[in-house]
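Read off the chains here:
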Amino acid sequence: MDVDLLRPGTVPISADTVLWFEFLLDPNLLKEHLSKPNPEPTPCELIEEFLSVDSKNSNSKPTSERVVDVDIPPSPPSVTTPTNLQFTRKQLALKILALKVAATLHWNLDILESKLPPQTQQHLMQDLVYMATDTTFAVPPQDVPTEFIHKSQVQFALTLYHRWVLRFPVKAALYSKTTKMAFVHMPGMQGETGYSPLNQNFEKILRMCESSRMQSIRYLDSILSYYETTLGRMEAKKIKIPVREAFIHLTEDSDDMNHNWNAGDIIISQYELAMQIHFDLCYNYFFYGQHDLAKQHILGCRENSSLLEKEISTFGYGEHDTMPWGDFYYASMTKDDILGYIRALNLGYEVLNEEPSLLQKLQEAVANHYTGIIAILQADNLSREIPMVHREVVELDIQGSASSGAFTVARDLLNRVAALNAVRYALEGGIPSTHPDFINKCKTFGIKFFDLLFWAIAPVLMSDLSDTDWKNLKMFFLHLATSQLKFPIERIDEYLKKYVGDSAESIRKKLISNEHLNEILNDPANIDDENVDIPRELLSDDWDMPDFECKSVPELEIGRLKKRLIEASTADDVRMCLVKLAMMVPSSPLWKLNPSWKPPGGLGNALTSLPRGFLQDFGYVVSGAARARAEAGCARTALSLLSVLEGEARSQLGGSSDPILYRLCRQLSWEVLLLQVNVMLSEWPHHRINLTVLSDKCKACIAAVTSGDSIIPRPQVIESCWTCLVNACEWEGASVTNGPGEAASALCAACCELQRGKGSRKFPRALWDYTLSIYNNGSNGPVKRSAGGMPSHSRDASNVAAEARNAFNGFLATLREPLAVSVMMSLLAKIHNLLIDDSSLELVVEYTNLWPSNISNMNNYNMKHILESLTELLERSLRLYPYNTSWLRLYGDVEMAGSRWAAALRRYLCALTAATWHFAKRAPDEGGLARRAARCCQALSAPTQAAALCQLPDEPDYTTAFKCLAEKTGSAADAMDGYYGCLWDGTLLEVGVALHARRGEGGRRARAVKAAGALELNANNSEDIQREAAAIRRARLLRALTNQYVA
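Definitions and limits used
Residues numbered from 1 in each chain as written. Predicted model: local features only at pLDDT ≥ 70, side-chain atom pairs only at ≥ 80, totals over all residues. Heavy atoms only, no water. Helix = DSSP H or I, 4+ residues; strand = E, 2+ residues; numbered from the N terminus. Buried < 20%, exposed > 50% of the residue type's maximum accessible area, 1.4 Å probe, protein only. Areas by Shrake-Rupley, 256 points an atom, 1.4 Å probe, with all protein chains shown as cover. Salt bridge = Lys/Arg side-chain N within 4 Å of Asp/Glu carboxyl O. Contact = heavy atoms within 4.5 Å. Axes fitted to C-alpha atoms, helices over the stretch in contact; angles between N-to-C directions. Nonpolar A, V, L, I, M, F, W, Y, C, P; charged D, E, K, R; others polar. Phe/Tyr/Trp six-rings, centres within 6.5 Å; stacked < 30°, edge-to-face > 60°. Lys NZ or Arg CZ within 6 Å of the ring centre and 35° of its normal. Disulfide = S-S within 2.5 Å. Expected span 1.5 Å × (residues − 1). Polar contact = N/O pair within 3.5 Å; in protein donor to acceptor, adjacent residues only side chain to side chain. Parallel < 35°, antiparallel > 145°, perpendicular 65-115°, else oblique. Left-handed = near helix turned anticlockwise from the far one by under 90°. Core = buried A, V, L, I, M, F, W, Y, C linked by side-chain atoms within 4.5 Å. pLDDT = per-residue confidence, 0-100.

What follows concerns the overall build of the protein. Helix and strand counts for the protein stand at 46 helices and 2 strands. Residues counted as buried form 48% of the 1047 residues belonging to the protein. Accessible surface, the protein as shown: approximately 52400 Å² in total, 51% of it carbon and sulfur.

Here it is as structure tokens:
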């Protein structure tokens, strides 16, 4: 690199490096640099550096004040607005250097707009006006006094400025449509080198240009009027172009700027200036859809171009004796640009005597309600100029217009367009089966559409077709003839004779040979159904056959009914089959038909105890089907089946005292209760079940266990009843029990204590002791009991412990009520925290301080099992309540404890998103979350992200932040300079500046200085301004991290 424009003091520095101030000291140095074939940096890079080197200083305010925001209330107009904007001599000297470089580029706006950031473009245009008006206007005013406009340099500067104002919105819109965002998301401060809406000043500049559009148009129109009054003179007016030598360097002895506007010998004709102004006005009008005005100006541009061409042919143009397109002293458009706008504005035929292309004719026909579109498509079938996609779009437009009634079209226009498009499709090698619209038309309109197809293809067949075209058409018609579209292949000669005349036979042989035609006509698959010879026997039932007596076979009917009984899915189907079978085989035990009919619990014994009859079969079949549905996850279907059986049993019991029926009814009621609880759990929270009534039934079921009755519910029913009480918030009066439902009853007691306000002391120890016994690997672990409550010692201790954990995890899977879930999470988190004994990996959730603070024999517990249970509980609970911030943070802590850093960071960011309305406010525990998120970023080799997160606590964690900033990273998504727009802490920004200076990273140091110099971060601002600036940058940081790690 020949020139290094880094600020002085950057280390290390090469002896060959030329600093920016050396251009100020040596007037010839800039000329020498720009005279090189390929100067590095380029001229535009020099302009950007000259205009931004002083703005990197936080004390430099004039540049930001010159970005006019049109949304603020307007100030009273003043001729010298703003008069209080003063520049230092250093700033003026740098601006003069930038204008010298722009003069070297012949003030070419195409180059300046494509290479310079928007704010630099605006400053350059304003600086030219400032210099041309002898420092009168730092920002061009709305109205310029007459004494200024008559000065040639002022007129040139204002013309260039207003041209730029008209061009900027168009360039910005075209850039946004053609440029895609970078694949790697760089959060924070966006680059200032493009027309990006994320650029801080881009929106202000765009609004300023749009609001000043009419003013700029009026000024340029006045310039055109001034020069066009001289048209027809023998010699056109000449305009002097400011050159590099016109701008005089400031020296240590000069107090004022005395530019030599007469320097140089570059003079252009009024025709060149008018040509460029007309083009820019057309450029703007065309963008805003004002085509009539655009036509006027493109014609004016062409007129001045012709006048300039005559002048050049007579007097020459520098070294050229013809129009030097692309090498003018001032104009930047090309001849093709002018011709392009002429054609785009439909002036090609009038101005250029060009016959419009078929595509243009098609577009004009669409604009004129499809007038003449048939002839255009027929011509295109011969020339094949219009892309097929345009023809298909036209067909869809006609179809949509006809169906919506937007305007009236000919009745057969759509079919004719479809037939013409089908011909074009066939010529390009398509076949009917791959053209769904063609197939639909053939099926809908039948023989009429085939007639239109031959009408459309006739001109093509009579034209000069290539061998490839004949091959494609032949393939198309062969597929059409052998398809199921009922194409009348036998009438092909008739159709061809109708539309192509005497050459029909020769053309038909090219399309389908005689051999292929005979083969298709004789193929039975292609014979018309109306001409098929059907035997007489198939058309009547009067067959000459002996009479057979039809006798029913009872065994077959019984087998059919049994099969239907096995496949029955509703209670009504079962009832109907049983009634019919009972009449045919009354003594057969039908419940033995299917071995998969296994009633739940003790229903099987109760049903087999019944006397042989309908209820026994019906109960066995229905209860077995209900159990199968319940095991398949269809709890509500199973409930409906078992409810019908319960109703049938109670109707037969009536007022009698049959002990067998009474026992069956009691057991059925408990099984129905079990299914109701399962339906509640599976459909939570939209279960449509009255929880109060269900809770009363569960309490009665639990009370039946201790009532001394000989008929008691099975353990699974009791456990489900306790589960229902937990989730229905029926905790009052619940006592801790041993046996089935022990964990649920202990949880009820804990929730009841917390609800009463006694949770401020301690939870009951019953749930704590039970949970510890589940995860205890020692010999004092829980004893696995059988269904009858008897201890089981037949298995080894490890299997018993594993089964106990699985049963406990099954209980955790039934928790739905948020408070009960939070209590269980706090219990598991407390056990984990006591076992790990590491504050940095502790799980944070409410209520952990209400549990005991010590565990004996900690070596007997496996922390892995606790984390697995807690993870499963969190996963299920967050599906029901995805915005519970406490659980989301706890999930992040669990992931961090397992060293899954990316997953932990994702959970922390989700918690912050839910708690802050997508970062619109601060979260209550934001500081703690930020510290843990920063630790995850460090583990993910993203130290800059970690340093930015260290700002979030009330007291910034400077120790961690300084350590992270000093660490170098190879991660592209953690680019340090990409996060300066997310930093609001002045200390961190100062450290970043110092670190870049120490490493010799001048560009990054400049960005850090610019971020630190933002006006809203000034320490002298009020607290409200500083708080708002911090909130904006905080939200920007957290949203960027969320887009990277969560989205």
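Within the structure shown, the criterion is met by 35 salt bridges. A salt bridge links arginine 636 to glutamate 683, with the shortest nitrogen-to-oxygen separation between them at 2.9 Å. Here arginine 636 is found in helix 30 (residues 635–653), whereas its partner glutamate 683 is found in the loop between helix 31 (659–682) and helix 32 (691–705), with 47 residues between them in sequence. Each of Asp110, Glu113, Arg163, Arg167, Lys171 and Asp280 takes part in salt bridges that share partners, so that together they form one network.

In this section: the side chain of histidine 297. Positionally, histidine 297 belongs in helix 13 (residues 291–315). Residue histidine 297 is classed as buried on the basis of its relative accessible area of 9%. Look past the residues within four positions of histidine 297 in its chain and what remains in contact with it is Asp221, Leu224, His278, Leu281, Cys282 and Tyr285.

Viewed as axis vectors pointing N to C, helix 19 (residues 413–427) and helix 22 (residues 467–481) meet at an angle of 120°, and their least axial separation amounts to 8 Å. On helix 22, the residues touching Ala422, Ala426 and Leu427 of helix 19 are Asp469, Asn472, Leu473 and Phe476. Residues of the contact of helix 19 with helix 22, tallied by class, amount to 5 nonpolar, 1 polar and 1 charged.

Right, let's talk about the packing of aromatic side chains for a bit. Aromatic ring pairs are described here by two measures, namely the spacing of the ring centres and the angle between the planes. Within the structure shown, the criterion is met by 25 aromatic pairs. Relative to tyrosine 329, the ring of tyrosine 317 has its centre 4.8 Å away and its plane inclined at 25°; by these criteria the two rings are stacked. You can see tyrosine 317 sitting in the loop between helix 13 and helix 14 (335–344) and its partner tyrosine 329 sitting in the loop between helix 13 and helix 14, a full 12 residues away along the chain. Three or more aromatic residues joined by ring pairs form one cluster here, namely Phe438, Phe449, Phe454, Phe476, Phe477 and Tyr495. The ring centre of tryptophan 455 lies 4.5 Å from the NZ or CZ of arginine 416, which sits over that ring.

This part covers the state of the cysteines. For the structure on display, the rule yields 0 disulfides. Cysteine 721 forms no disulfide, and the closest cysteine sulfur to it belongs to cysteine 701, at a distance of 3.7 Å. By relative accessible area, cysteine 721 is classed as buried at 0%.

With 24 residues, helix 31 ought to run about 34 Å at 1.5 Å a step, and its terminal C-alpha atoms sit 35 Å apart, in line with that. When you tally the buried positions in helix 31, you get 17 out of 24 residues, the bulk of the element.

This part takes up the side chain of serine 669. Tracing the backbone shows serine 669 in helix 31. Of note is the side chain of serine 669, whose polar atom sits 2.6 Å from the backbone oxygen of arginine 666. In this structure, serine 669 is in contact with Glu646 and Arg650, ignoring residues within four places of it in sequence.

Further remarks concern the packing of helix 33 (residues 715–727) against helix 34 (residues 742–756). At their nearest, the axes of helix 33 and helix 34 sit 8 Å apart, and the two run at 20° to each other. Taken together, helix 33 and helix 34 sit at an angle that is classed as roughly parallel. Where helix 33 crosses over helix 34, the two elements pack in a sense that is left-handed. On helix 34, the residues touching Trp722, Thr723, Leu725 and Val726 of helix 33 are Ala744, Ser745, Leu747 and Cys748. When its residues are assigned to classes, the contact of helix 33 with helix 34 shows 6 nonpolar, 2 polar and no charged.

This brings us to the environment of threonine 482. Mapped onto the elements of the fold, threonine 482 is located in the loop between helix 22 and helix 23 (492–500). Each C-alpha atom, one on threonine 482 and one on aspartate 523, is 9.6 Å from the other, the two residues being 41 residues apart in sequence. Of note is the side chain of threonine 482, whose polar atom sits 2.8 Å from the backbone oxygen of leucine 478.

So, about the nonpolar core. The nonpolar side chains of a soluble globular protein tend to be buried with one another. Core analysis: the largest hydrophobic core is formed by 147 residues, its most contacted members being Leu664, Leu747, Met824 and Leu949. Considering every element that reaches this core, the biggest residue donor is helix 31, with 13 residues. Setting aside anything within four residues of it in sequence, one finds leucine 664 in contact with Leu603, Ala606, Leu607, Leu610, Leu615 and Ala649. Judged by nonpolar contacts, the second largest core, of 97 residues, contains Leu29, Tyr219, Ile277 and Leu281.

Another point: unusual backbone geometry. Following tryptophan 684, the chain continues into proline 685 via a peptide bond in cis, with omega recorded as 0°. In this model, arginine 384 sits at a positive phi of 55°, which is unusual for a non-glycine residue. With a phi close to 55°, tryptophan 917 is a non-glycine residue in the positive phi region. Of note, tryptophan 917 is situated in the loop between helix 40 (901–915) and helix 41 (926–939).

To continue, consider the confidence of the model for the protein. Detailed conclusions should not be drawn from predicted coordinates in areas where pLDDT is low. Within the protein, residue pLDDT values average 80, and 82% of them lie at 70 or more. Contacts of residues 180–193 to residues separated by more than four positions or lying in other chains number 30 contacts, the stretch itself having pLDDT below 50. Note on residues 786–791: pLDDT under 50 across the span, and 6 contacts to partners over four residues away in sequence or across chains.

Relative to the helices and strands, isoleucine 241 resides in the loop between strand 1 (238–240) and strand 2 (267–269). Taking the relative accessible area as the measure of exposure, isoleucine 241 reaches 3% and is therefore buried. Beyond its immediate stretch of four places on either side in the chain, isoleucine 241 contacts Trp107, Phe156, Ile266, Ile268 and Tyr330.

Our next topic: helix 22. Its 15 residues give helix 22 an end-to-end C-alpha distance of 21 Å, which sits within 8% of 21 Å, the value for a rise of 1.5 Å per residue. Within the sequence span of helix 22, burial applies to Asp469, Trp470, Asn472, Leu473, Phe476, Phe477, Leu478, Leu480 and Ala481. Those residues of helix 22 that are buried are in contact with helix 19, helix 20 (436–445), helix 21 (447–461), helix 24 (504–511) and helix 25 (514–521).

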